[in-house]
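Per-entry structural report
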Number of protein chains: 2
Amino acid sequence: MASTTSIIQSGFSCGGALSSFTAKPRRMVVVRAQAINPDIKKDEAKVVDSVLVTDLSKPLSAYCRCWRSGTFPLCDGSHVKHNKETGDNVGPLLLKKQ
Amino acid sequence: MASTTSIIQSGFSCGGALSSFTAKPRRMVVVRAQAINPDIKKDEAKVVDSVLVTDLSKPLSAYCRCWRSGTFPLCDGSHVKHNKETGDNVGPLLLKKQ
């Protein structure tokens, strides 16, 4: 997974030469712009799904927005585990026929 | 943003006591389970949106799945910037009336 990482550090060099190691190690803060889709259709440049609403058979259909569903683009509830593990608050898009 | 981080390291302790520093620093790998929604409705435990498909007025409506749209739950194209910055491949869900 490609990502952009900025490492802000003070008084401490991590993984560098011994000569850059200073006396007072301080907290390292990692600011990361990270991909949100770990696995789905990674061979595609952009994952876009289409729903023809006249084809919806059920009164209610839930569509995934956490990118962790095993039934993507449909929701399988995987956002619950994701939210619990990360403190996130994502949920599905519900399509209602009436 | 809450996150769970596992740090796998070998032969090198970062930010720890000096006594744990060993002779051969090696590559540190950070595996991060991170929230994917940085800003949207963070006062809500779970963001679920509903669309009554009979209310759709346009032939095509794009709904955000990158959690970065300024017009959430609708797509505003923010996934383009996100994908470019992170190497991700996310895109919207398209609802088509016909």
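Residues numbered from 1 in each chain as written. Chains lettered and ligands numbered in written order. Predicted model: local features only at pLDDT ≥ 70, side-chain atom pairs only at ≥ 80, totals over all residues. Heavy atoms only, no water.

A closer look at the packing of aromatic side chains
All names here are of chain A. Operational definition: Any two rings among Phe, Tyr and Trp, with Trp reduced to its six-membered ring, count as a pair given centres within 6.5 Å; such a pair is stacked if its planes are under 30 degrees apart, edge-to-face if over 60, and tilted if neither. Here's how the labels work: a residue is buried when its accessible area is under 20% of the maximum for its type, exposed when over 50%, partly exposed in between, all with a 1.4 Å probe on protein chains only.
The final tally for this structure, using the stated rule, is two aromatic pairs over all chains. Both rings, one in W67 and one in F72, keep their centres 4.7 Å apart while their planes meet at 25 degrees; by these two values the pair is stacked. Across the pair, exposure class does not vary: W67 and F72 are buried alike.

Quick notes on helix α1 (residues 78–86) of chain B
Residues and elements named next belong to chain B. For clarity, the threshold we go by: Only runs of H or I of at least four residues qualify as helices and only runs of E of at least two qualify as strands under DSSP, and these elements are numbered from the N terminus. The directions considered for the arc are those from the helix axis to the C-beta atoms.
Among all positions of α1, only H79, H82, N83 and T86 are buried. Axial view of α1: buried residues confined to an arc of 95 degrees, hence all on one face. Facing away from the buried side of α1, by more than 90 degrees, are the exposed residues K81 and K84. The positive-phi residue at the C-terminal boundary of α1 is G87, with phi of around 80 degrees.

Focus on the environment of A:I40
Among the secondary structure elements, A:I40 is positioned in the loop between β2 (29–34) and β3 (47–52). A C-alpha to C-alpha distance of 9.4 Å links A:I40 and A:P73, two positions 33 residues apart in sequence.

What to know about the UniProt feature "domain: Iron-binding zinc finger CDGSH type" (unreviewed entry) in chain A
Here is the rule: UniProt positions are given in the numbering used here, feature names are shortened, and annotations may be inferred rather than shown by experiment.
UniProt annotation of "domain: Iron-binding zinc finger CDGSH type" (unreviewed entry) refers to residues 46–85 of chain A when read in the numbering used here. Between the C-alpha atoms that bound residues 46–85 of chain A the distance is 26 Å, and the span itself is 20% helix and 25% strand.

What about the pairing of strand β4 (residues 60–63) of chain A?
Within a regular beta strand, the side chains point alternately toward one face of the sheet and then the other, so they alternate between its two faces. Residues and elements named next belong to chain A. How we decide: Pairing between strands is defined by DSSP: at least two bridges between the two strands are required.
Here β4 shows a clear split, with S61 and Y63 buried on one side and none of L60 and A62 buried on the other. Sheet topology places β4 next to strand β5 (residues 90–96); four bridges connect them, and they run antiparallel. What sits directly across from L60, in β5, is K96.

Considerations on the pattern of salt bridges
Stated formally: We define a salt bridge as a contact between a side-chain nitrogen of Lys or Arg and a carboxyl oxygen of Asp or Glu at a distance within 4 Å.
Enumeration according to the criterion identifies eight salt bridges over all chains in this entry. When the shortest N-O distance is used, the salt bridge between A:K41 and A:D49 registers 3.1 Å. By relative accessible area, A:K41 is classed as partly exposed at 32%. Between B:E85 and B:K81 there is a salt bridge, and its shortest N-O distance comes to 3.0 Å.

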